[in-house]
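Secondary and tertiary structure notes
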Amino acid sequence: MKVVNKFFTILVMIILLTGCTIKNENDMLIDENGKMNYEIIIAFDREFLRNVINMNNFNNDDLIEITDDVMEDFVMNDATMKVSYLDGLEKQEYIDNNYIGTRYIYKVDDIDTISDTKDVVVNLGNYQSTEKLVNQKLFTKSSYQYSANFIFDLQSNASYEGVNYITKFKLTLPGKAIKHNATEVSGDGRTLTWDLSNTTNEVNFSFSLKGNKINFIVCIISIIFVLVTTLAILINRKEVNK
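Described in the following lines is the structure provided in the data block. Counting from 1, residues in each chain are numbered in the order their sequence is written. The predicted nature of this model means local features are confined to residues of pLDDT at least 70 and side-chain atom pairs, given and counted, to a pLDDT of 80 or more, with totals for whole chains, interfaces and linings taken over all residues. Calculation of side-chain values draws on the structure's entire complement of heavy atoms; hydrogens and water are dropped beforehand.

What follows deals with the nonpolar core. Residues grouped as a nonpolar core are buried Ala, Val, Leu, Ile, Met, Phe, Trp, Tyr and Cys residues, joined through side-chain atoms within 4.5 Å. Buried, partly exposed and exposed residues are distinguished by accessible area as a fraction of the type maximum, computed with a 1.4 Å probe on protein chains only: under 20%, between the cut-offs, and over 50%, respectively. With 53 residues, the main nonpolar core has Met36, Phe139, Phe150, Phe169 and Phe205 as its most contacted residues. The element contributing the most residues to this core is strand β2 (residues 36-45), with 5 residues. Only runs of H or I of at least four residues qualify as helices and only runs of E of at least two qualify as strands under DSSP, and these elements are numbered from the N terminus.

Now for the sheet that holds strand β3 (residues 90-95). Ordered by their spatial adjacency, 7 strands build an open sheet running β3-β4-β2-β1-β9-β12-β11, and the pairing between neighbours is mixed. At either margin of the open sheet sits one strand with a lone partner, and together these are β3 and β11 (184-185). Inspection of the sheet shows β2 paired to strand β4 (residues 99-108) by 10 bridges, in the antiparallel sense. Paired with Asn37 across the two strands is Lys107, which belongs to β4. Any pair of residues with heavy atoms lying within 4.5 Å of one another is described as a contacting pair. Axes, fitted as lines to C-alpha atoms, cover a helix only where it is in contact. Angles between the N-to-C directions of the axes lie from 0 to 180 degrees. Here helix α2 (residues 46-56) sits on the sheet and contacts β1 (21-30), β2, β3 and β4; the angle it forms with β2, its principal contact strand, is near 65°. Running over the sheet, helix α3 (residues 68-77) touches β2, β3 and β4 and is turned about 40° from β4. Strands pair, by our definition, only if DSSP identifies at least two bridges between them.

Mapping Asp153 onto the fold places it in the loop between β8 (145-151) and α4 (154-157). Put simply, Asp153 and Glu202 are 49 residues apart on the chain and 8.9 Å apart in space, counted from C-alpha to C-alpha. Leave out the neighbours within four places in its chain, and Asp153 touches Asn123, Gly125 and Asn201.

Right, let's talk about the packing of aromatic side chains for a bit. The rule is short: rings of Phe, Tyr and Trp, with Trp giving its six-membered ring, pair when the centres are within 6.5 Å, and they are stacked under 30 degrees, edge-to-face over 60, tilted in between. Within the structure shown, the criterion is met by 13 aromatic pairs. Consider the rings of Phe139 and Phe150, whose centres lie 6.1 Å apart with planes at 65°: the pair is edge-to-face. With a gap of 11 residues between them, Phe139 in strand β7 (residues 139-142) and Phe150 in strand β8 connect regions that are remote in the sequence. The exposure classification of Phe139 matches that of Phe150, with both residues buried. The interplanar angle of 55° and the centroid separation of 5.8 Å between the aromatic rings of Phe152 and Phe169 together place this pair among those described as tilted. Of this pair, Phe152 sits in the loop between β8 and α4 while Phe169 sits in strand β9 (residues 164-172), placing them 17 residues apart in sequence. Accessibility expressed as a relative area gives 4% for Phe152, which makes it buried. Here Phe169 falls in the buried class, since its relative accessible area comes to 0%. Joined through ring pairs, the aromatic side chains of Tyr38, Phe139, Tyr146, Phe150, Phe152, Phe169, Trp194, Phe205 and Phe207 make up one cluster.

In short, the description is geometric, and any link to function would need to be established separately.
What follows is the structure, given as structure tokens:
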């Protein structure tokens, strides 16, 4: 009997969720100093959330009004919505005209701390992974050049059948990328966008921070030179006035 009930529940879920949408947007910014700000949005259309909440209350005689507040609370606090892969990141509520979900924010002061000299391939869409994102190396570094090989495959690890997935990855760099497989590039060549909702599920790009780091070093040396010169002049004046 339990098997029959489970099969019936799964069948109802498939019927109710067909045509619903899950949105996954990724926005990564790397500045000239090598700082990274990576924001991940996982959001669900309201029909999806209403159906999931109704299914969770399937055996509950007390019906509740499913408002935006109820859906926000469900997304933020229900165990079925927890994404352990993103534990350790800052969490914020996300809501727009069509979706309700969570915004995760990952900030790194120096991408060298999340880079390796070995080739690195990271499945950023593997939300059921036991290895947390904050514990992984994201880039391969060679001298001043950094390369990324990311994979997104949400559909393979999601438990929802018949659901549409909208997945995008946007990258902003301090300069033009050395190479990439982006589907869209801004006029200045610094912002790259990947539409991963169709067949492509790979994000590949390389960039360099050499110019920026050299400029930083030159700036520091210039400041030190000015300070030393000023100090030498002051000492010389004191010697002359004795």
